[in-house]
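Reading the structure
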Amino acid sequence: MNKVQNLCILGATGTIGVNTLDVVARHPERFNVVALTASTQLEKLVAQCVQHRPRYAVVMDEASAIKLRGLLADAGVQAEVLFGISALEQVVALPEVDTVMAAIVGAAGLRPAMAAAHAGKRILLANKETLVMAGSLFMQAVEAGGATLLPIDSEHNAIFQSLPREFNGDLAACGVRRILLTASGGPFRTIPLADLATVTPDQACAHPNWVMGRKISVDSATMMNKGLEVIEAHWLFNAAPAQIEVVIHPQSVIHSMVDYLDGSVIAQLGNPDMRTPIAYALGFPERIDSGVSALDLFGRGLTFEAPDYQRFPCLKLAFDALAQGGMLPAVLNAANESAVAAFLAGQVGYHAIAASIEYALARAMSGEPSSLDDLIAADAQARLDADSYLQKQAA
Ligand code: NAD
Ligand code: MG
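Notes on the structure in this doc start here. Just so it is clear, the structure is predicted and the values come from calculations on it, not from any experiment. (Residues numbered from 1 in each chain as written. Chains lettered and ligands numbered in written order. Predicted model: local features only at pLDDT ≥ 70, side-chain atom pairs only at ≥ 80, totals over all residues. Heavy atoms only, no water.)

Further remarks concern the packing of aromatic side chains. Applying the stated criterion across every chain yields a total of 7 aromatic pairs. When the centroid spacing of 6.3 Å and the interplanar angle of 75° are considered together, the rings of Phe160 and Tyr280 count as edge-to-face. Here Phe160 is found in helix α7 (residues 154-162), whereas its partner Tyr280 is found in helix α11 (residues 275-283), with 120 residues between them in sequence. An angle of 50° between the planes, with centres 6.4 Å apart, marks the rings of Phe167 and Phe237 as tilted. Of this pair, Phe167 sits in the loop between α7 and β8 (176-183) while Phe237 is found in helix α10 (residues 224-237), placing the two residues 70 residues apart along the sequence. For the residue pair Phe167 and Phe237, the accessibility class agrees, reading buried in each case. An aromatic cluster is defined as three or more aromatic residues linked by ring pairs; in this entry it consists of Phe160, Tyr280 and Phe284. Against the face of Tyr359 rests Arg363, its NZ or CZ located 3.6 Å from the ring centre. (Phe/Tyr/Trp six-rings, centres within 6.5 Å; stacked < 30°, edge-to-face > 60°. Helix = DSSP H or I, 4+ residues; strand = E, 2+ residues; numbered from the N terminus. Buried < 20%, exposed > 50% of the residue type's maximum accessible area, 1.4 Å probe, protein only. Lys NZ or Arg CZ within 6 Å of the ring centre and 35° of its normal.)

Within the largest apolar cluster, 97 residues are counted, with the highest numbers of intra-cluster contacts made by Ile123, Phe138, Leu163, Leu332 and Ile357. A total of 10 residues in this core trace back to one element, the largest contributor, which is helix α13 (residues 328-344). Excluding anything up to four places from it in sequence, Ile357 contacts Met224, Cys314, Leu317, Leu332, Ala335 and Asn336. Counting residues in each nonpolar core, the second largest holds 38 residues, with Ile9, Val46, Ala79 and Ala103 among its members. (Core = buried A, V, L, I, M, F, W, Y, C linked by side-chain atoms within 4.5 Å. Contact = heavy atoms within 4.5 Å.)

A few words on the coordination of the magnesium ion (ligand 2). Coordination of the magnesium ion (ligand 2) by the protein is provided by Asp153 (OD), Glu155 (OE) and Glu229 (OE), with metal-donor distances spanning 2.1 to 2.2 Å. Sequence positions of the residues that donate to the magnesium ion (ligand 2) give the spacing D-x1-E-x73-E. With a gap of 74 residues between them, Glu155 in helix α7 and Glu229 in helix α10 connect regions that are remote in the sequence. Overall, Glu155 belongs to the buried group, its relative accessible area being 8%. By relative accessible area, Glu229 is classed as buried at 1%. (Donors = N, O, S within 2.8 Å, 3.2 Å for Na, K, Ca; no water.)

All of the buried residues in helix α1 (residues 15-25) are Ile16, Gly17, Asn19, Thr20, Leu21, Val23 and Val24. Lining the buried residues of α1 we find β1 (5-10), β2 (31-37), α2 (42-52), β5 (99-102) and α11.

A cluster of nonpolar side chains, contributed by Leu269, Leu297, Leu302 and Phe304, occupies part of the molecular surface with about 330 Å² of accessible area. Of note, Leu297 is situated in the loop between α11 and α12 (313-324). Taking the relative accessible area as the measure of exposure, Leu297 reaches 44% and is therefore partly exposed. (Patch = residues over 30% accessible without salt bridge, like charges linked within 9 Å, V, L, I, M, F, W, Y side chains within 5 Å. Areas by Shrake-Rupley, 256 points an atom, 1.4 Å probe, with all protein chains shown as cover. Salt bridge = Lys/Arg side-chain N within 4 Å of Asp/Glu carboxyl O.)

By nearness alone, 23 residues border ligand 1, and Thr13, Thr15, Ile16, Ser39 and Glu129 come closest of all. Residue Gly14 places a main-chain N or O atom 3.1 Å away from an oxygen atom belonging to ligand 1. If ligand 1 stood free it would expose 830 Å²; the protein chains cover 86% of that surface. Residue assignment for the shell around ligand 1 shows that the elements contributing at least two residues are α1 and α6 (128-145). (Near = heavy atom within 4 Å. Polar contact = N/O pair within 3.5 Å; in protein donor to acceptor, adjacent residues only side chain to side chain.)

Listed below in structure tokens is the structure:
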């Protein structure tokens, strides 16, 4: 790609957004930032606007927009400030935008990602919830809109790198036996099972290898993150649940592997730093500098373990939701968001996370979603169901 790539970065102030801008700043000749979006952290957004000079800055509500306009004027930055979900849908579809980094956290990222798909953009997808909630509709939109999808999640980026370049959705045709999705096992991999009942949000967020937002950090502790990633892999690589195996690899050096019929296993390794998958996707098909240091293999062992569903019931719930299909993955995701929020707020204990998701899944409607509205309704109902369970626990 010779011409300058014009970027829209959704969720610019988050961990992925910040890492994306770090890589972008290393290549001013390659990238131009057209739009930055955020929900809170206005000061951080202003600093990013000062550095990257986007044409548009998008926040979630009018009060934030008014405040941001003042802050940008004080900083001498001319950016058009927009707000709300329709503004997110608008900026991703701008004709001057080539590439959209979809890095909003949670279900809030779905509509703008769908809009980018319909608009035929190159989508760098970090927001795994889009695929978990609406995998079928999103993949259809990517196809219909002529969009290009590049995975940012480190495991899926590793799988993408380990598949043949000509892969077009048929794993068998490429001689693939299985996808080996690696997981660190999070901070609770080895603590006595009896102690899980009393772990705190800060303990759950103290990830051994990765620095991430708090929601995804809790998801890593419960391994729901891996469960969501199993569903993500299913849609990205057209992999049946039986073709996806989760492998605990506590060092997070191998980011995932592809196991081929001839016995070859191709893996992608690297330091655990999201700038590697981000740079891979930003530069694709070229390799560009990410700022990540070279991997030092000496003096460290690489080990592997099978996951234990007793310790990590959320992983089993995710495999089951994928097998049952329909609305269940969306229900799983929504109930998990409610449960993690309640846990992070100190309202419920750790075990309430899996229990409330199970409660919501048991109440979910079956059947295939025919539209995004069906999924959004299932998402809302799942949050109500999970909340009613969580409130009883908190009482
Ligand atoms: P984060 O919490 O650090 O940042 C989230 C960003 O989204 C922020 O810019 C925030 O302002 C914005 N946002 C939050 N709620 C919003 C809303 N309702 N509407 C609009 N914008 C909103 O999260 P993160 O760790 O950067 O993760 C972002 C996404 O990337 C998630 O889907 C996560 O699962 C995925 N991901 C993250 C990592 C990682 O290492 N952090 C790795 C793989 C995948
Ligand atoms: Mg991941």
